[in-house]
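As a plain string of letters, each chain reads:
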Amino acid sequence: MREIKSSQTYRDKARAASAKPAAHGDDIDLGIYVSSAEEQPYQTDPSQLPAKAKEQMLGAGVILDDTSQRSGTFIQMDNTPVHSSSRQDDIEVMAMSQALEKHDWLSDYWWQAVAVDSDKYTAHVELNQSNGYFIRALPGYKTIYPVQACLYLAKAQLAQNVHNIIIAEEGSELHIVTGCTTAFKKEPGLHLGVSEFYIKRGAKVTFTMIHSWNPEIAVRPRTGVIIEQDGLFLSNYVIMKPVHSLQMYPAARCAGENATVRFNSILVATPGSMMDVGSRVLLDARGARTEIISRAITTGGNIFARGYIEGNAPDVKGHLECRGLILQGEGMIHAIPELKGTLANIDLSHEAAVGKIAEEEIEYLMARGLTRTEATATIVRGFLKVDIEGLPPLLSAELQRAVEASEEDLT
Amino acid sequence: MLEIRQLTVTVEGRKIIQDINLNIGTGEAHVLFGPNGSGKTTLLMAIMGFPKYRVTQGNIIFNGRDITSLPLDERARLGIGMSFQRPPVVRGVKTSDMIGASLGDREDKLTIDRLAERANMTELLDREINYGFSGGEIKRSELMQLLAQKPEFTLLDEPESGVDLVNIALIGELINELLDKSCPIVNRKCMGLIITHTGHIMDYVNARTGHVMIDGRISCGGDPREILATIKKQGYEECAKCVLGRTTSA
Ligand SMILES: Nc1ncnc2c1ncn2[C@@H]1O[C@H](COP(=O)(O)OP(=O)(O)O)[C@@H](O)[C@H]1O
Ligand SMILES: [Mg+2]
């Protein structure tokens, strides 16, 4: 594998932060994970990947047998990129190691949207770089089909340390689907993923991420997004399968006027799962807008659903909606919506609700002839159905299918 | 046919209706008058089978079967349906989902679209049920769900209150359709019990029997137009004398 070069300054900063705990989530002992795995063979044709891996990836929204509805594909197994391809010249999809060789300027984006010394996890990624993906839409180019990326854990006890950079150049439009999943059902593993998004003037990016782990895996994504004038970033995050410990708090900064960000998250915590997931938005330029929506369901696991909006410029507007359903068992949902304003003419609001399904609602449906179980399932299905404005219909349908596939286990 | 015998219902430990007797024959529609808080909604909720409305005495018999302890959803599947005065908002569940649920096995997009058109509700199909609905929209949405459900016995809780004069005709037609009034009397199977304050609904529905509820007790059947005229002229005071004085009889 090619070495990833990073400047001495970043390395020094990372070393200094290598024991720094994160602001949220259980502290993970990085020492128990191994950092290297066998190299995996490169596949020119992604449909030639092992059937079991393909099936897992499909469950996370990554389609390899027929890629006609994808603009590009990137697959990384453990720490080796095993496939990358793009079907258009105007879209670059490649391993980070390759991208750094191709573009000298890429170092200008390195650790600019996420601070290398945020915590021990970002530091660990810097000090143990093992690739990741680079996706870029050239100026003015609009994709119709999404680019798909999969980060796959194949070796038990491994720490996967990836650093991804996504750049949407001026006026471009880019749709990305990422599936993160694993080969094994029970063995522990650690996924550390740094993702930096740069949305240039007038560009639009939709990023749909589906996580499908196992009850022993710890996950610490670290995401930063910078949006320039008139840019749009739309994130959809879905996790409905068990995980040991997940903590993430992606942060987006609207740096240019009228920049817009939307975060939608669907979280389902089964018994034993611990999730601490939030979205943070800084509205730093006039007219910037954001909407953060999260839907959390517990069937026994614990969820912290956070949200933070800060308004620092005139005429900004932000809304935060956190809704949680406790379906059964010993589960806990703790919604923590936060708003901070530093000016007079801003408009920030939030609504949060946590509880079980109201008996009155179940009875209303029962009065139309549904059994209690059917009524509950209908309400849960509705709860998880988030209308995502701006997502292409194809992706909307795929996302809905992914959610529905997991819904059946709930009631 | 629906027979109610000596029914007493308590809500949260409080006795709300008492010793009620009521017979509604096959093909008949009855109207129910009464001041606010007298227990009309409670009677309907108890017939429908909401667990909070506890029957502490008496029986409800539907087509010869004692349904007093039958769960709510089984009563619905047996052919009892209700329009709610204040139905809950169910976030995420669309109006079209509710109609689909009401159709049960007969669910199908075309049927949903046709019903919506019939009730002038097409624009509301994609909205979350009851979320931000106006009073009139709630009424039409409730009737549309009932038309999908096709109950044999329909309970209507103030279907015309808060509806403007333009829409009242539409509401009236929908109710008529529900109660199967287009069929000749001999073939008519559908039954109904309708709570009304204004009596406007009687211009559309051929209700031949009316009752008055006061303080959780009910009068025996009478001509609904005469009853309404009395209420309009003398208020409920006059009815109270009659209802409470004679208590109940079948
Ligand atoms: N769900 C309920 N919880 C508590 N009290 C109720 C409930 N429903 C009805 N009641 C009480 O029962 C009485 C009768 O109410 P209701 O049946 O709604 O009367 P009406 O429909 O004739 O106006 C009222 O005093 C009301 O406050
Ligand atoms: Mg009432």
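Rules used throughout
Residues numbered from 1 in each chain as written. Chains lettered and ligands numbered in written order. Predicted model: local features only at pLDDT ≥ 70, side-chain atom pairs only at ≥ 80, totals over all residues. Heavy atoms only, no water. Helix = DSSP H or I, 4+ residues; strand = E, 2+ residues; numbered from the N terminus. Buried < 20%, exposed > 50% of the residue type's maximum accessible area, 1.4 Å probe, protein only. Contact = heavy atoms within 4.5 Å. Donors = N, O, S within 2.8 Å, 3.2 Å for Na, K, Ca; no water. Buried area = accessible area lost by both parts, 1.4 Å probe. Salt bridge = Lys/Arg side-chain N within 4 Å of Asp/Glu carboxyl O. Polar contact = N/O pair within 3.5 Å; in protein donor to acceptor, adjacent residues only side chain to side chain. pLDDT = per-residue confidence, 0-100. Axes fitted to C-alpha atoms, helices over the stretch in contact; angles between N-to-C directions. Parallel < 35°, antiparallel > 145°, perpendicular 65-115°, else oblique. Left-handed = near helix turned anticlockwise from the far one by under 90°. 1 Å grid on protein atoms, 1.4 Å probe; cavity = no way out; pocket = protein on both sides within 12 Å on 5 of 7 lines; lining within 4 Å. Points joined across faces, edges and corners; volume = space filled by probe spheres on them.

### So, the environment of A:Met94
Residue and element names in this part refer to chain A.
Logical step 1: By the element assignment, Met 94 lies in strand E3 (residues 91-95).
Logical step 2: Relative accessible area serves as the criterion here: at 6%, Met 94 is assigned to the buried category.
Logical step 3: Sequence-distant contacts of Met 94, defined by excluding residues within four places in its chain, comprise Phe 74, Ser 84, Ala 99, Lys 102, Gly 132, Tyr 133 and Phe 134.

### Some thoughts on the coordination of the magnesium ion (ligand 2)
Logical step 1: Coordination of the magnesium ion (ligand 2) by the protein is provided by B:Thr41 (OG1) and B:Gln85 (OE1), with metal-donor distances spanning 2.0 to 2.7 Å. Taken together, the residues B:Thr41 in helix H1 (residues 40-48) and B:Gln85 in the loop between strand E6 (80-83) and helix H3 (95-103) connect sequence positions 44 residues apart.

### Observations regarding the interface of chain B and chain A
Logical step 1: Taken together, the contacts link 28 residues of chain B with 19 residues of chain A.
Logical step 2: Buried surface at the junction of chain B and chain A, summed over both partners, amounts to about 1900 Å²; 59% is from carbon and sulfur atoms.
Logical step 3: Sorting the residues of chain B by area buried against chain A places B:Asp73, B:Pro88 and B:Arg91 first, and these three jointly supply 25% of that buried surface.
Logical step 4: One can count one salt bridge joining chain B with chain A.
Logical step 5: Taken together, the links from chain B to chain A amount to eight residue pairs in polar contact (both at pLDDT 80 or more).
Logical step 6: Secondary-structure elements contributing two or more residues to the side of chain B that touches chain A are helix H2 (72-78), E6, H3 and helix H5 (135-149) of chain B.

### Considerations on the confidence of the model for chain B
When pLDDT is low, close inspection of the predicted coordinates is not appropriate.
Logical step 1: Averaged over all residues, the pLDDT of chain B is 90; the fraction at 70 or higher stands at 94%.
Logical step 2: Interface scoring of the predicted complex returns ipTM 0.93; its pTM is 0.87.

### Here we look at the packing of helix H1 (residues 8-16) of chain A against helix H4 (residues 120-127) of chain A
When two helices pack together, their arrangement is given by the angle between their axes and by how far apart the axes lie.
Residues and elements named next belong to chain A.
Logical step 1: Running from N to C, H1 and H4 point in directions that differ by 140 degrees, and their axes come no closer than 8 Å. Between H1 and H4, the crossing angle belongs to the class labelled oblique. Handedness of the H1/H4 crossing: left-handed. Here Tyr 10, Arg 11, Ala 14 and Arg 15 of H1 lie close against H4, whose contacting residues are Ala 123, Glu 126 and Leu 127.

### What about the layout of surface pockets?
Logical step 1: If you add up the space inside the largest pocket, you get close to 740 Å³.
Logical step 2: Every residue lining the largest pocket is counted, 31 residues in all, and those nearest its centre are B:Gly100, B:Ala101, B:Ser102, B:Leu103 and B:Gly104.
Logical step 3: Of all the elements in the fold, those that place two or more residues in the lining of the largest pocket are helix H6 (372-384) of chain A together with H2, H3 and helix H4 (109-118) of chain B.
Logical step 4: Counting residues per element, the lining of the largest pocket draws most heavily on H3(B), at six residues.
Logical step 5: When its volume is computed, the second largest pocket comes out at roughly 630 Å³.
Logical step 6: For the second largest pocket, the lining is made up of 29 residues, of which B:Thr41, B:Thr42, B:Met45, B:Tyr53 and B:Arg86 are closest to its centre.
Logical step 7: Of all elements in the fold, only helix H5 (359-366) of chain A together with strand E2 (14-24) and H1 of chain B reach the threshold of two or more residues within the lining of the second largest pocket.

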